[in-house]
Amino acid sequence: STTPIWIDGVPLGAPLVLTGEALKRGVLVDLSTRVLALLHYHAAVDETLPKFGLVGESAEIHRVRADIQRAAATTIPVLIRGESGTGKELVARAIHAASPRAARPYVAINVAALNPQTVAAELFGHSRGSFTGAVHEREGLFRDADGGTLFLDEIGEASVEVQATLLRVLETGEIQPIGGRPGRRVDVRLLTATDANLERSV
């Protein structure tokens, strides 16, 4: 070509084969100092996936959308990890909306915002008078979400006692309200999220 071409700032004097490694980094192509293009590797993506309210078309966003689709098709509990502000609750809502439980309740609560002394009563329910301030009977968040999805944000802030009770619920599907009321079976899909370093916490 008579068009002057520079590749990453170096004049092109002969045919050039670009390696996959170079394309992963990105290769800057300058045509006659008038047109700049960045050549880079882009993984094949499934364009039929729903957007789930996630903005962007990067390979990473497409991977998150595919993960949402896969998680929505199951009934297993899901832990969503990421820094604050990365959209963990958006992902949880998307998993619920794409699941067979979409028409059922979606209940979301920030565990860190709950009173540490009453968090178990909030989650599993309590009888009237079962503790100071329990002036009314409360069904609890698990009962509110029965048949649907319960999203527990900041799960890393849950006490060891609450973690043990949650494990029992996951294993048996039964909640034990505070105050001597009989246990009740619930059908709840549990989604959780944290920005905490759980490995370090353990």
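See the structure printed just above.
Asker: Provide a residue-level description of the nonpolar core, including the pertinent values.
Answerer: Counting 20 residues, the largest nonpolar core has Leu 123, Phe 124, Phe 142, Leu 150, Leu 152 and Leu 166 as the members making the most contacts within it. Contributing elements (two or more residues each) for this core: helix H4 (119-124), helix H5 (141-144), strand E7 (149-153) and helix H6 (160-172). Setting aside its immediate chain neighbours within four residues, Leu 150 contacts Val 107, Leu 141, Phe 142, Ala 145, Val 188, Arg 189, Leu 190 and Leu 191. Among the nonpolar cores identified, the runner-up in size contains 14 residues, and Ala 71, Ile 80, Ile 95 and Ala 193 belong to it.

Asker: Can you break down the side chain of His 96 residue by residue, with the values?
Answerer: Among the secondary structure elements, His 96 is positioned in helix H3 (residues 88-97). Residues within four places of His 96 in sequence aside, it is in contact with Arg 101, Ala 102, Arg 104, Pro 105, Tyr 106 and Thr 149.

Asker: Before we move on, can you summarise unusual backbone geometry with the specific residues and values?
Answerer: The phi torsion at Asp 8 lies on the positive side, around 50°, for a residue other than glycine. When you line up the elements, Asp 8 lands in the loop between strand E1 (5-7) and strand E2 (10-11). Phi at Thr 33 is positive, roughly 55°, even though this residue is not glycine. Summarising the element assignment, Thr 33 is placed in the loop between strand E3 (27-31) and strand E4 (35-39). For Thr 33, a relative accessible area of 61% puts it in the exposed group.

Asker: So what's going on with the environment of Ala 22? Residues and values would help.
Answerer: Note on placement: Ala 22 falls in helix H1 (residues 20-25). In the structure, Ala 22 is positioned 70 residues away from Ala 92 in sequence and 36 Å away in space, judged by C-alpha atoms.

Asker: If you had to explain the sheet that holds strand E10 (residues 189-194) to someone new, which residues and values would you point to?
Answerer: The strand order across the open sheet formed by four strands is E5-E10-E7-E6, and the pairing between neighbours is parallel. Each having just a single partner strand, strand E5 (78-81) and strand E6 (106-110) make up the two edges of the open sheet. On average, each strand axis in the sheet is tilted by 15° relative to the strand beside it, whichever way the strands run. The sheet contacts of H3 involve E5, E6, E7 and E10, and relative to E5 the element is tilted by about 150°.

Asker: Quick rundown of the sheet that holds E2? Include the residues and the values.
Answerer: On the basis of which strands lie adjacent, the open sheet formed by four strands has the order E2-E1-E3-E4 and antiparallel pairing. Both outer strands of the open sheet, E2 and E4, are each paired with one neighbouring strand and no more. Where E1 meets E2, two bridges bridge the pair, whose relative direction is antiparallel. Along E2, the bridge assignment pairs Trp 6 with Pro 11.

Calculation notes
- Residues numbered from 1 in each chain as written.
- Predicted model: local features only at pLDDT ≥ 70, side-chain atom pairs only at ≥ 80, totals over all residues.
- Heavy atoms only, no water.
- Core = buried A, V, L, I, M, F, W, Y, C linked by side-chain atoms within 4.5 Å.
- Buried < 20%, exposed > 50% of the residue type's maximum accessible area, 1.4 Å probe, protein only.
- Helix = DSSP H or I, 4+ residues; strand = E, 2+ residues; numbered from the N terminus.
- Contact = heavy atoms within 4.5 Å.
- Pairing = 2+ DSSP bridges.
- Axes fitted to C-alpha atoms, helices over the stretch in contact; angles between N-to-C directions.

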